[in-house]
Amino acid sequence: MLSVCLITSLPSVALAHARLSQANPAPDTTAASPPEVRIWFTQELTLHGNDIVVTDASGNRVDNADAHVDQNDPDRKQLVASVPPLADGSYSVTWTSQSAEDGDSVTESYAFSVATAAAEDAVGFCPDDVGQS
Ligand SMILES: [Cu+2]
């Protein structure tokens, strides 16, 4: 678990824009169906102008279209969208961030996979690390 955290918590170099810091499910990982897609960004987000769209391998949108900044995070660096139980398969997450720090908008995508059998050894999410950057 610790080694995975070290890999995903890369030191923040001088990157402008609100970029992906870490995510759950993490990019390029396989895990059991998550209740939500949550992305931590390198900069504070504005309350509007952000989005998460999750699509399946056929391109069908599967998230609940409720992406929002998690205001329980005083840093406002977390974007979250709920998803229904996902069937095993490959999924794409396309996120858009709107930085409150420099006003820039960024849209990027990453992939993750759901496999029920992966539930027991899923790694890549390190709640203890949250907020320590
Ligand atoms: Cu920027």
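One can find the structure itself at the top, above this paragraph.
It should be emphasised that the depicted structure is a prediction, and the values quoted were computed from it without experimental measurement.

### Describing the coordination of the copper ion
Next, step 1: Protein coordination at the copper ion: the donors are His17 (N), His17 (ND1), Asp102 (OD) and Asp104 (OD), at 1.9 to 2.5 Å from the metal.
Next, step 2: The site at the copper ion holds 4 donor atoms, and with the angles between them running 80 to 167 degrees, its shape is square planar.
Next, step 3: All donors of the copper ion belong to a single chain; written as a sequence motif, their spacing is H-x84-D-x1-D.

### Quick notes on the nonpolar core
Next, step 1: In terms of nonpolar packing, the biggest core is built from 21 residues, with Val37, Ile39, Ile52, Val54, Val93, Tyr110 and Phe112 touching the most fellow members.
Next, step 2: For this core, the secondary structure elements donating two or more residues are strand E3 (36–41), strand E4 (51–56), strand E6 (78–82), strand E7 (89–98) and strand E8 (105–114).
Next, step 3: With 4 residues, the top contributor of residues to this core is E8.

### So, the sheet that holds E4
Next, step 1: Taken in spatial order, the 4 strands make up an open sheet running E2-E8-E7-E4, and their pairing is mixed. Across the chains shown, the open sheet's two edge strands, defined by having one partner strand only, are strand E2 (30–31) and E4.
Next, step 2: Here E7 pairs with E8 via 10 bridges, running antiparallel. Bridge pairing in E8 places Gln98 opposite Ser105.

### Observations regarding the sheet that holds strand E5 (residues 68–69)
Next, step 1: Strands sit in the order E1-E3-E6-E5 across an open sheet of 4 strands; the sheet is antiparallel. Two strands lie at the open edges of the sheet, namely strand E1 (20–24) and E5, each paired on one side alone.
Next, step 2: Two elements, E5 and E6, share 2 bridges in a ladder whose sense is antiparallel. Opposite His68, over in E6, you have Val80 as the bridge partner.

Definitions and limits used
Residues numbered from 1 in each chain as written. Predicted model: local features only at pLDDT ≥ 70, side-chain atom pairs only at ≥ 80, totals over all residues. Heavy atoms only, no water. Donors = N, O, S within 2.8 Å, 3.2 Å for Na, K, Ca; no water. Tetrahedral: all angles 85-135°; square planar, octahedral: opposite > 155°, others 65-115°. Core = buried A, V, L, I, M, F, W, Y, C linked by side-chain atoms within 4.5 Å. Buried < 20%, exposed > 50% of the residue type's maximum accessible area, 1.4 Å probe, protein only. Helix = DSSP H or I, 4+ residues; strand = E, 2+ residues; numbered from the N terminus. Pairing = 2+ DSSP bridges.

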